[in-house]
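Overview (structure and organization)
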Amino acid sequence: QVQLVESVGGLVQAGGSLRLSCAASGRTLSSYDMGWFRQAPGKEREFVAAFSRRDTSTYYADSVKGRFTISRDNAKNTLYLQMNSLKPEDTAVYYCAADSDYGLGLSPGQYDYWGQGTQVTVSS
């Protein structure tokens, strides 16, 4: 079983950048497909990005494609989400998640383990 801990998010102006990290313990991240999700107030949790353990391919929601980058550092057993050109609509609690099953998941229900979440606020 893996434990996931996200870094502290923060407040950033529109157009700015922020990098989130998700440190894993208990098992190596390479044992899982990994994902980032977010949840804004009053909205459902939505997919942001995913990282495949099989071939290290990545997948992004259309809303963040070209602005966000998901990556994994095996030596640090840490997952990252680099967020550039941030917009006020990116404001949400961000979660990292691990999926034991093969097949890159885009739905929160497919993921088995979750971090505690971290707040990202983008001001206009």
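What this report covers is the structure whose coordinates are included nearby. Quick caveat: nothing in here was measured; it's all calculated off a predicted structure.

Rules used throughout
- Residues numbered from 1 in each chain as written.
- Predicted model: local features only at pLDDT ≥ 70, side-chain atom pairs only at ≥ 80, totals over all residues.
- Heavy atoms only, no water.
- Salt bridge = Lys/Arg side-chain N within 4 Å of Asp/Glu carboxyl O.
- Helix = DSSP H or I, 4+ residues; strand = E, 2+ residues; numbered from the N terminus.
- Buried < 20%, exposed > 50% of the residue type's maximum accessible area, 1.4 Å probe, protein only.
- Disulfide = S-S within 2.5 Å.
- Pairing = 2+ DSSP bridges.
- Axes fitted to C-alpha atoms, helices over the stretch in contact; angles between N-to-C directions.
- Phe/Tyr/Trp six-rings, centres within 6.5 Å; stacked < 30°, edge-to-face > 60°.
- Lys, Arg positive; Asp, Glu negative; His and termini not counted.
- Polar contact = N/O pair within 3.5 Å; in protein donor to acceptor, adjacent residues only side chain to side chain.
- Contact = heavy atoms within 4.5 Å.

1. Considering the pattern of salt bridges
Under the criterion given, the structure shown has five salt bridges. Between Asp33 and Arg53 there is a salt bridge, with its nearest N and O atoms 3.5 Å apart. Of the two residues, Asp33 sits in strand β4 (residues 33-39) while Arg53 sits in the loop between β5 (46-51) and β6 (58-60), which places them 20 residues apart along the sequence. The burial state of Asp33 is the same as that of Arg53; both residues are buried. Residue Arg38 pairs with Glu46 through a salt bridge whose shortest N-O separation is 2.6 Å. For Arg38, a relative accessible area of 5% puts it in the buried group.

2. So, the state of the cysteines
By definition, a disulfide links the sulfur atoms of two cysteines through a covalent bond. By the definition in use, this model includes one disulfide. With its sulfur 2.0 Å from that of its partner, Cys22 forms a disulfide with Cys96. Handedness here is read from the sign of the S-S torsion; for Cys22 and Cys96, about 55 degrees, the answer is right-handed. Within this pair, whereas Cys22 is found in strand β3 (residues 18-25), its partner Cys96 is found in strand β9 (residues 92-99), the two being separated by 74 residues in sequence. Taking the relative accessible area as the measure of exposure, Cys96 reaches 0% and is therefore buried.

3. Observations regarding the sheet that holds β3
Strand order in the open sheet formed by four strands is β1-β3-β8-β7, with antiparallel pairing between adjacent strands. Two strands lie at the open edges of the sheet, namely β1 (3-6) and β7 (68-73), each paired on one side alone. In this sheet, neighbouring strand axes are inclined to one another by 20 degrees on average, regardless of whether the strands run parallel or antiparallel. When β7 meets strand β8 (residues 78-83), the two strands line up antiparallel, connected through six bridges. Among the inter-strand pairings, Asp73 is bridged to a residue of β8, identified as Thr78.

4. Overview of the packing of aromatic side chains
Taken as a whole and judged by the stated rule, the model has seven aromatic pairs. With centroids separated by 6.0 Å and ring planes inclined at 35 degrees, the aromatic side chains of Phe47 and Tyr59 adopt a geometry described as tilted. A residue pair is termed long-range when its members are at least 10 positions apart, and Phe47 in strand β5 and Tyr59 in strand β6 qualify at 12 residues. For Tyr59, a relative accessible area of 40% corresponds to the partly exposed category. What links up through ring pairs into an aromatic cluster is the set Phe37, Phe47, Tyr59, Tyr95, Tyr111 and Trp114.

5. Structural notes on the side chain of Glu6
If you trace the backbone, Glu6 turns up in strand β1. No salt bridge is formed by the buried Glu6. Its closest oppositely charged neighbour is Arg45, at 7.7 Å. Here Cys96 takes part through its backbone nitrogen, which lies 2.8 Å from a polar atom of the side chain of Glu6. Of the polar contacts made by the side chain of Glu6, one reaches the backbone nitrogen of Gln116; its length is 2.9 Å. Those residues in contact with Glu6, other than ones at most four positions away along the chain, are Ser21, Cys22, Trp36, Tyr94, Tyr95, Cys96, Gly115, Gln116, Gly117 and Thr118.

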